[in-house]
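So the chains spell out like this:
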Amino acid sequence: MSTAPVTSVGVVGAGTMGIGIAYVFAAAGCDVTLVEPDADRRAAARGAIVGRAERMEEQGRLESDRASHVSDTVDTAESVSDLATGLDLVVEAVPEILELKHSVLRAIEEREPKLLGTNTSALGIASLATVLARPETFIGMHFFNPVWTMPLLELIRGANTSDATVALTQRIGEFIGKDTILVNDIPGFATSRLGVALGLEAIRMVEDGVASPEDIDRAMVLGYRHPMGPLRLTDLVGLDVRLHIARGLSESLGPRFTPPQLMIDMVERGDIGKKSGQGFFDWSGK
Ligand SMILES: NC(=O)c1ccc[n+]([C@@H]2O[C@H](COP(=O)([O-])OP(=O)(O)OC[C@H]3O[C@@H](n4cnc5c(N)ncnc54)[C@H](O)[C@@H]3O)[C@@H](O)[C@H]2O)c1
């Protein structure tokens, strides 16, 4: 019988992604500590993880009795300094701000985890690793929302990431039920670069009057078997989030990622998608 590649895991940041990442490791049988400085978020996060495990178990999508393991073992902490030393893996999932990630990564490294992952969606692994003493154990672990259902784990190898770290994270991906892809440390990786390119072109097509947002999305859903159209997906991710990524990619990869004026105008108006109730589609009441 093969042994689990990780048993003790820390996750830093209990937002949308941190909650999902903590869940998948706990559901796989690991002991998980979730770090979150905001007391309300910290309390809500544990409830969300245990509740998710119970629902998954009821639906037969989680081994029986696993929900009680999740409930017994998921722990929360206020600060990175509360993490035990020498954890098998710590995954950083704090907001996409370079200085914040630097200070959090430095603090995590002081806890001497065997492996350190970042869930950044667009920042370079090299730029994050500049503050680390052991960049060979550092790797991009890009999960997708909602983490419990999305099958992909995009691994991003930094210039100093070791072969052993890559191999171990590939095994970890398999262990938590994800399919991994391995990508070099080039801005936008594989997913953000392609996904944002498609989204930006769809927005330019709205600007150009090619068709309605509904029909542009239907083109990709019915003609290319995409599960969801690029405009609906942009609404779900948030136009503000995608605008931020597009600006970063236009600086590094050139003008093909320049955000369309329509996108800038919609963000300025507050029409940022599902979370505001209005984007390319009306989400009020949803
Ligand atoms: N939301 C997505 O769909 C998505 C998908 C893939 C990757 N990402 C990436 O994941 C990361 C987190 O995104 P998110 O959407 O979960 O953000 P979020 O804003 O929902 O959550 C971030 C959490 O980190 C906490 N935090 C802030 N400072 C902290 C600190 N010093 N120590 C511990 N926790 C701290 C915040 O209080 C918050 O709860 C970002 O890098 C983002 O780019 C997001």
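What counts, and where the lines are drawn
- Residues numbered from 1 in each chain as written.
- Predicted model: local features only at pLDDT ≥ 70, side-chain atom pairs only at ≥ 80, totals over all residues.
- Heavy atoms only, no water.
- Phe/Tyr/Trp six-rings, centres within 6.5 Å; stacked < 30°, edge-to-face > 60°.
- Helix = DSSP H or I, 4+ residues; strand = E, 2+ residues; numbered from the N terminus.
- Domains from an automatic or database assignment.
- Contact = heavy atoms within 4.5 Å.
- Buried area = accessible area lost by both parts, 1.4 Å probe.
- Salt bridge = Lys/Arg side-chain N within 4 Å of Asp/Glu carboxyl O.
- Nonpolar A, V, L, I, M, F, W, Y, C, P; charged D, E, K, R; others polar.
- Buried < 20%, exposed > 50% of the residue type's maximum accessible area, 1.4 Å probe, protein only.
- Axes fitted to C-alpha atoms, helices over the stretch in contact; angles between N-to-C directions.
- Parallel < 35°, antiparallel > 145°, perpendicular 65-115°, else oblique.
- Arc of directions from axis to C-beta.
- Polar contact = N/O pair within 3.5 Å; in protein donor to acceptor, adjacent residues only side chain to side chain.
- Pairing = 2+ DSSP bridges.
- Right-handed = clockwise from strand over helix to strand, strands pointing away.

Focus on the packing of aromatic side chains
For the coordinates displayed, the defined rule picks out one aromatic pair. With 5.7 Å between their ring centres and 90° between their planes, Tyr 23 and Trp 148 make a pair best called edge-to-face. Taken together, the residues span a long stretch of sequence, with Tyr 23 in helix α1 (residues 16-27) and Trp 148 in the loop between β6 (138-142) and β7 (152-157) at a distance of 125 residues.

Quick notes on the domain arrangement of the protein
Considered domain by domain, the protein is made up of domain 1 (8-184) and domain 2 (191-274). Placing the centre of domain 1 and that of domain 2 at their C-alpha centroids yields a distance of 28 Å. Listed by partner, the interface residues are seven residues for domain 1 and four residues for domain 2. Carbon and sulfur atoms supply 55% of the area that domain 1 and domain 2 bury against each other, a total of about 350 Å² over both sides. When the area that domain 1 buries against domain 2 is broken down by residue, the three leading residues are Ser 121, Ala 122 and Glu 154, summing to 60%. Linking domain 1 to domain 2 there are zero salt bridges. When the residues that make up the side of domain 1 that touches domain 2 are grouped by side-chain class, the tally is three nonpolar, two polar and two charged.

Some words on the pattern of salt bridges
Following the criterion strictly, the structure yields nine salt bridges and no others. In this structure, Glu 63 engages Arg 66 in a salt bridge whose closest nitrogen and oxygen atoms are separated by 3.3 Å. On the basis of relative accessibility, which here comes to 53%, the residue Glu 63 falls in the exposed class. You can call Arg 66 buried: its relative accessible area is 19%. As a salt-bridge pair, Glu 92 and Lys 101 come within 2.6 Å of each other at their nearest N and O atoms. Taken as a pair, Glu 92 and Lys 101 share a single burial class, namely buried. Members of the salt-bridge network, linked through shared partners, are Glu 92, Glu 96 and Lys 101.

Some thoughts on the packing of helix α7 (residues 191-207) against helix α11 (residues 261-269)
It is at 8 Å that the axes of α7 and α11 come closest, and there the two elements cross at 90°. When the axes of α7 and α11 are compared, the pair comes out roughly perpendicular. Residues Leu 200, Ile 203, Val 206 and Glu 207 of α7 pack against Gln 261, Leu 262 and Met 263 of α11.

As for α11
Within α11, the full set of buried residues consists of Met 263, Ile 264 and Met 266. Seen end-on, α11 carries its buried residues on one side only, within an arc spanning 165°. For α11, the exposed residues set more than 90 degrees away from the buried face come down to Glu 268 and Arg 269. Against α7 and α10 (239-253) lie the buried residues of α11.

Description of the side chain of Lys 101
Note that Lys 101 resides in helix α4 (residues 98-110). Within polar-contact distance, the side chain of Lys 101 engages the backbone oxygen of Val 94 at 2.8 Å.

Examining the pairing of strand β1 (residues 8-12)
Note on strand geometry: in a regular strand, side chains alternate between the two faces of the sheet. The element β1 is extensively covered by neighbouring structure, given that five of its five residues are classed as buried. Along β1, one buried face is formed by Ser 8, Gly 10 and Val 12 and the opposite face, lined by Val 9 and Val 11, is buried too. Here five bridges tie β1 to strand β2 (residues 31-35), and the two strands are oriented parallel to one another. Each bridged residue has a counterpart across the sheet, and for Val 9 the counterpart in β2 is Val 32. After leaving β1, the chain enters α1 and then returns to the sheet as β2, a path that is right-handed.

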